[in-house]
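Residue-level structural notes
Below, each chain spelled out in residue letters.
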Amino acid sequence: MSEKDRLLTDEALLLHVRNWQTADKYAVCFTREHGKLRFIAYGARYERNVQGRLLQPFANLRIEVQQGQKVDKLRSCELVQVPQALDVQQMAYAAVAAELTAVLTEDRAPQPELYELLQQTLAIILERNPRLVVLSFAIKLLYITGFAPQMQHCVSCGERVEDEAEAWFSPLQGGLICSECRAGYSGDGLEHCGAGTRRLWQTLATLDFEHPAAFSVRGAELMELEKNLYKFIFFQTDKPLNSLNFLSQLGL
Ligand SMILES: [Zn+2]
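These numbers come from a predicted model, not from an experiment.

Helices and strands together make up the secondary structure of the protein chain, namely eight helices and nine strands. Oriented by its inertia axes, the alpha-carbon framework of the protein chain measures out at about 65 × 40 × 30 Å. Counting all 252 residues of the protein chain, 47% fall into the buried class. Restricting the contact set of the protein chain to residue pairs at least 6 apart, pairs at least 24 apart contribute 61%. About 13,200 Å² of surface is accessible on the protein chain, with carbon and sulfur atoms providing 48% of the total.

As a further point, take the sheet that holds strand β9 (residues 191-192). In a beta sheet, neighbouring strands are held together by backbone hydrogen bonds and run either parallel or antiparallel to one another. Reading across the sheet, the four strands line up as β6-β8-β7-β9 and stay open at both edges, with mixed pairing between neighbours. Each end of this open sheet is capped by a strand with a single partner; those strands are β6 (150-154) and β9. In the sheet, strand β7 (residues 167-170) pairs with strand β8 (residues 175-178) via four bridges, with the strands oriented antiparallel. In the sheet register, A167 faces β8, and the bridge partner there is C178.

With that settled, consider the environment of L142. Position of L142 among the secondary structure elements: in helix α4 (residues 130-145). On a C-alpha basis, the gap between L142 and V88 in space is 26 Å, while along the polypeptide they are 54 residues apart.

With that out of the way, let us pick up the coordination of the zinc ion. Protein-derived ligands of the zinc ion are C154 (SG), C157 (SG), C178 (SG) and C181 (SG), with the metal-ligand distances lying across 2.3 to 2.4 Å. The coordination sphere of the zinc ion comprises four donor atoms, whose angles at the metal cover 105 to 115°; the geometry is tetrahedral. Mapping the donors of the zinc ion onto the primary sequence gives the spacing C-x2-C-x20-C-x2-C. Here the residue C154 occupies a position in strand β6, and C178 occupies one in strand β8, the gap between them amounting to 24 residues. As far as burial versus exposure is concerned, C154 and C178 are alike and both buried.

Ordered in space as β1-β2-β3-β5-β4, the five strands form a closed barrel in which the pairing is mixed. The sheet shows a mean angle of 45° between the axes of neighbouring strands, taken without regard to direction. Sheet topology note: the strand β3 (residues 35-41)/strand β5 (residues 72-81) ladder contains two bridges and is parallel. Of the residues in β5, the one forming a bridge with F39 is D72. Helix α3 (residues 112-124) contacts β1 (7-20), β2 (24-31), β4 (60-66) and β5 of the sheet and is inclined by roughly 55° relative to β1.

Alignment of β6 against β8, held across two bridges, turns out to be parallel. Of the residues in β8, the one forming a bridge with C154 is L176. Where β7 folds back onto β8 in an antiparallel hairpin, the turn is made up of four residues, including G174, whose phi is positive at roughly 75°.

Where nonpolar side chains cluster on the molecular surface, the patch consists of V88, F246, L250 and L252 and spans about 320 Å² of accessible area. Here V88 shows up in helix α2 (residues 88-104).

For the rest of this paragraph, the subject is the domain arrangement of the protein chain. Interfaces are often described in size by the accessible area the parts lose on coming together. Per the domain assignment, the segments making up the protein chain are domain 1 (7-81) and domain 2 (88-149 + 181-249). For domain 1 versus domain 2, the distance between C-alpha centres works out to 26 Å. With 18 residues of domain 1 in contact, the opposing surface of domain 2 contributes 20 residues. Together, the buried faces of domain 1 and domain 2 total about 1,700 Å²; carbon and sulfur atoms form 60% of this surface. Applying the counting rule to domain 1 against domain 2 returns four salt bridges. Where R108 meets D72, a salt bridge forms, and the shortest distance between an N and an O atom there is 2.5 Å. For the pair domain 1 and domain 2, the number of links is ten residue pairs in polar contact (both at pLDDT 80 or more). In terms of residue class, the side of domain 1 that touches domain 2 is made up of six nonpolar, six polar and six charged.

Attention now goes to the pattern of salt bridges. Applying the stated criterion to the full structure yields eleven salt bridges. Look at the salt bridges and you will find they share partners, linking E11, R32 and E116 into a network.

Glancing now at the packing of aromatic side chains. A full pass over the atoms with the stated rule returns four aromatic pairs. Seen from their ring centres, F169 and F232 are 6.1 Å apart, and the 75° between their planes marks the pair as edge-to-face. Of this pair, F169 sits in strand β7 while F232 sits in helix α7 (residues 219-237), placing them 63 residues apart in sequence. On the basis of relative accessibility, which here comes to 2%, the residue F232 falls in the buried class. With 6.2 Å between their ring centres and 75° between their planes, F234 and F235 make a pair best called edge-to-face. The exposure class of F234 is partly exposed, given its relative accessible area of 40%. Its guanidinium or amino end placed over the ring of Y46, R48 lies 5.1 Å from that ring's centre, counting from NZ or CZ. Between K140 and the ring centre of F209, over which it is positioned, the NZ or CZ distance is 3.6 Å.

Procedures and definitions
For every chain, the first residue of the written sequence is number 1, and numbering continues from 1 along that sequence. Per-residue local features are limited, in this predicted model, to residues with pLDDT of at least 70; the limit for side-chain atom pairs, both in listing and counting, is 80 or more; totals at the level of whole chains, interfaces and linings are taken over all residues. For side-chain calculations, the full set of non-hydrogen atoms in the structure is used, while hydrogens and water are omitted. Each helix is a run of DSSP H or I of at least 4 residues and each strand a run of E of at least 2, with the numbering of both proceeding from the N terminus. Remark: exposure states derive from per-residue accessible area (1.4 Å probe, protein chains only) relative to the maximum for the residue type, with buried under 20%, exposed over 50%, and partly exposed in between. In what follows, residue pairs with any heavy atoms lying within 4.5 Å of each other are defined as contacts. Accessibility throughout is a Shrake-Rupley quantity obtained with a 1.4 Å probe, and a residue counts as covered only by protein chains that appear here. For two strands to be treated as a pair, DSSP must find at least two bridges joining them. Here the term donor refers to an N, O or S atom within 2.8 Å of the metal (or 3.2 Å for Na, K and Ca), and because water is left out of the atoms, sites may appear incomplete. Sites are called tetrahedral only when four donors show all angles between 85 and 135 degrees, square planar or octahedral only when four or six donors show opposite pairs over 155 degrees and all other angles between 65 and 115, and irregular in any remaining case. Angles shown run from 0 to 180 degrees and are taken between the N-to-C directions of axes, each axis being a line fitted to C-alpha atoms and, for helices, limited to the stretch in contact. For patch detection, residues must exceed 30% relative accessible area and be free of salt bridges, and they are connected within 9 Å for like charges or within 5 Å for nonpolar side chains (Val, Leu, Ile, Met, Phe, Trp, Tyr). A carboxyl oxygen of Asp or Glu within 4 Å of a side-chain nitrogen of Lys or Arg is what we treat as a salt bridge. By convention here, the domain bounds are inherited from an automatic or database domain assignment. Buried area adds together the accessible area that both of two parts lose upon being put together, with accessible area traced by a 1.4 Å probe. Two N or O atoms form a polar contact when they lie within 3.5 Å of each other; inside protein one atom must be a possible hydrogen donor and the other a possible acceptor, and for residues adjacent in sequence the pair counts only when both atoms belong to side chains. The classification used treats Ala, Val, Leu, Ile, Met, Phe, Trp, Tyr, Cys and Pro as nonpolar, Asp, Glu, Lys and Arg as charged, and all other residues, Gly among them, as polar. Here a pair means two rings of Phe, Tyr or Trp (six-membered ring of Trp) with centres within 6.5 Å. Their orientation is stacked below 30 degrees between planes, edge-to-face above 60, and tilted elsewhere. Two conditions define a charge located above a ring, namely a distance within 6 Å from the ring centre to NZ of Lys or CZ of Arg, and an angle within 35 degrees of the ring normal.

Written out as structure tokens, the structure reads:
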């Protein structure tokens, strides 16, 4: 491949940025056309490096990247949108969306609908309850990436769980467990997952971020959904997410 062939230009949302060696930055981003990319921006931490200053978490940039054998290098970048000022709470929730995207996607697997979703999510976090926005994002992300748990049928017997029926959730098996199966279920880690919690799941799974409809949320159902969802994600990723630890440190 020639030098030119290995140049890639795309729109990107930055998921993670950290310092690299003495003067550089390492970044993970999600792009519109090429999926998740990682690159090193050499010299990005020098005072005079204007482009280097644009490399901040959640920034929306047009990037030009030189693809390398081992590591991709940033050639240039410019703003697509001027970054919005997020408060600590909004930033903490945006970090959850960013980290989930980073851990649940493969390098260079294009998913343009996920790029759109992430862009909408980072915008709507400023206007709406960031906790609900990020839950809705997380559920949609699970469907887009093919990791979504089974929320209609019992994963043990395969029967449909009726709308008003009691049910439980197995983070390990990745789905609902009906009342009958629960009686004979010896595995640990089952969580209650009531009818209201399942309705909230469906509402958040289909919430239109461009024209979000108003809906009411019961605290207990919200907490139950959050617990089930994050436990399930923990089983998928096999490690605790830094951003969720940060949320709990903030008491959110
Ligand atoms: Zn069952």
